[in-house]
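The chain contents come next:
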Amino acid sequence: MDTKPLYDELVSYLRSRSIPDAAFDVRCMCEQVTGRRLEQLMTEGIPTEDENPLRNMAQRRAFGEPLQYILGEWEFYGMRMFVGRGVLIPRPDTETLVDLVLREYKGSHSLRIADLCTGSGCIALALQKHLPDANVTGIELSGEAISYARRNVGEHGLPVTLVQADVLDPGTAAGFSELDVLVSNPPYLTDEEMQHLQKEIRSEPETALAGGRDGLDFYRRITALWKHALRPSGRIAYETGEQQGADVSRILAENGLTEIRVVKDLAGHDRVVTGILPAQTFQETQPVTD
Ligand code: GLN
């Protein structure tokens, strides 16, 4: 059938339901269902059997389901990630965290890296791809989320290790030592922000978003527990909310980290906070006995 009338109908349907990027969303749906570019479909027509699946997708979108869940996949750091209900959708902002780590460690060998609250596994996979001989472990509590991470690890054929565990459990942290880099994009929205979520974000798992009253619970607890898993001169790098740069810097400082920096995302917002464990902090000073 002709593509143009169906395309126009779906775009105006989504617009009438106040979906902001209606044309982009319909393009993504058409291209995903058919495996062809929209421009090509406009000249060649669209297979009749694709009409109903497209109408169903548009209806889900009209009811506020995120485009990424409807497509079942989304791109992160140039890599395809499977996503769906139960896992946080990878955000472009999070690429700032990957960039920072790659900038600091590109060319380093045999790094030990842990990604806490790995979700879809997107950070762990992007780091593993660009640091091929690193030993990267992604840790995630949610069974639903880690099932996406497993699928993504399989899809990319990269040697990321996945562990289903609670990063706030001291027993989990105790299983790790001598880490060169600890990265995390933990839940960091405040109770107040959780009350005013955009409809699409309300479809995402609350456990991936809610960071307690001030949004800082995970930073406080992860830093206190996991600093002991770092090797001397090991690094922590967190994604943070744009208002949290100063608070998370203070948490790292209170835990004895140094060389603390806040890095901005492409929109110019504070997005990543990083610091280094000084070589001596947690080593007992041995009395000189000779
Ligand atoms: N950046 C996400 C948002 O604003 C929050 C992700 C998170 O809490 N780690 O929706």
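Look above for the structure.
Predicted model, so just to flag it, every value in this text is computed and none were measured.

With respect to the overall build of the protein
- When helices and strands are tallied, the protein shows 13 helices and nine strands.
- Across the 290 residues in the protein, those meeting the buried criterion constitute 51%.
- Partitioning the intrachain contacts of the protein with sequence separation of at least 6 by distance along the chain shows that 64% fall at a separation of at least 24.
- A total accessible area of about 13800 Å² is found for the protein, and carbon and sulfur atoms account for 49% of it.

A few points about the site of the ligand
- In the vicinity of the ligand, the contacting residues are R91, N185, P186, P187, Y188, I201, A208 and L209.
- R91 is positioned such that a nitrogen or oxygen atom in its side chain is 2.8 Å from an oxygen atom of the ligand.
- Take P186: an N or O atom from its main chain is 2.7 Å from a nitrogen atom of the ligand.
- The fraction of the free accessible surface of the ligand (300 Å²) that becomes covered by protein chains is 87%.

What to know about the environment of R112
- Its location among the elements puts R112 in strand β3 (residues 112–116).
- Judged by relative accessible area, which is 31%, R112 ranks as partly exposed.
- Along the chain, R112 and E9 lie 103 residues apart, while their C-alpha atoms are 52 Å from each other.
- When residues no more than four places from it in sequence are discounted, the contact partners of R112 are N135, S177, E178, L179, D180 and V181.
- A distance of 2.9 Å separates the side chain of R112 from the backbone oxygen of S177, its partner in a polar contact.

Focus: helix α1 (residues 3–16)
- If you check α1, its first and last C-alpha atoms are 20 Å apart, about what 14 residues at 1.5 Å a residue would give, namely 20 Å.
- Those residues of α1 not exposed but buried are T3, L6, Y7, L10, V11 and L14. Down the axis of α1, the buried set is contained in an arc of 130°. They therefore lie on one face. Facing away from the buried side of α1 by over 90 degrees, the exposed positions are P5, R15 and S16.
- Where the residues of α1 are buried, they touch α2 (22–34), α3 (38–44) and α4 (51–62).

Structural notes on the environment of D166
- Secondary-structure assignment places D166 in the loop between β5 (161–164) and α9 (170–174).
- Sequence separation between D166 and I139 is 27 residues, and the spatial gap between their C-alpha atoms is 7.7 Å.
- Those residues within four positions of D166 in sequence are excluded, and the remaining contacts are L141 and T172.

Digging into the environment of K227
- Mapped onto the fold, K227 is located in the loop between α12 (217–226) and β7 (230–239).
- Residues K227 and A124 lie 103 residues apart in sequence; the distance between their C-alpha atoms is 19 Å.

A closer look at α12
- Buried within α12 we find F218, Y219, I222, T223 and W226. Down the axis of α12, the buried side of the element spans an arc of 115°, and every buried residue falls inside it.
- Of the surrounding elements, those touching the buried residues of α12 are β3, β4 (135–140), α9, β6 (179–184), β7 and α13 (245–254).

Quick word on the packing of helix α6 (residues 95–105) against helix α7 (residues 122–130)
- Following both chains from N to C, one finds α6 and α7 inclined at 30°, their axes separated by 10 Å at the closest point. Judged on the interaxial angle alone, α7 and α6 are roughly parallel. Viewed along their axes, α6 and α7 form a crossing whose handedness is right-handed. Here L97, V98, V101 and L102 of α6 lie close against α7, whose contacting residues are I123, A126, L127 and H130.

As for unusual backbone geometry
- Located in the positive-phi region is Y77, a residue other than glycine, with phi close to 50°.
- A positive phi is found at E259, a non-glycine position, where the angle reads about 50°.
- Judged by relative accessible area, E259 falls into the exposed class, the value being 59%.

Brief notes about the nonpolar core
- Judged by nonpolar contacts, the single largest core of 32 residues is most densely connected at L116, V167, L179, L182, I222, W226 and Y238.
- Considering each element in turn, this core owes the most residues, four residues, to α12.
- Excluding anything up to four places from it in sequence, L179 contacts R112, I113, A114, W226, A229, L230, R231 and G234.
- The next biggest cluster of nonpolar side chains, apart from the first, holds 28 residues, and it includes L97, L102, A134 and V263.

Rules used throughout
Residues numbered from 1 in each chain as written. Predicted model: local features only at pLDDT ≥ 70, side-chain atom pairs only at ≥ 80, totals over all residues. Heavy atoms only, no water. Helix = DSSP H or I, 4+ residues; strand = E, 2+ residues; numbered from the N terminus. Buried < 20%, exposed > 50% of the residue type's maximum accessible area, 1.4 Å probe, protein only. Contact = heavy atoms within 4.5 Å. Areas by Shrake-Rupley, 256 points an atom, 1.4 Å probe, with all protein chains shown as cover. Near = heavy atom within 4 Å. Polar contact = N/O pair within 3.5 Å; in protein donor to acceptor, adjacent residues only side chain to side chain. Expected span 1.5 Å × (residues − 1). Arc of directions from axis to C-beta. Axes fitted to C-alpha atoms, helices over the stretch in contact; angles between N-to-C directions. Parallel < 35°, antiparallel > 145°, perpendicular 65-115°, else oblique. Left-handed = near helix turned anticlockwise from the far one by under 90°. Core = buried A, V, L, I, M, F, W, Y, C linked by side-chain atoms within 4.5 Å.

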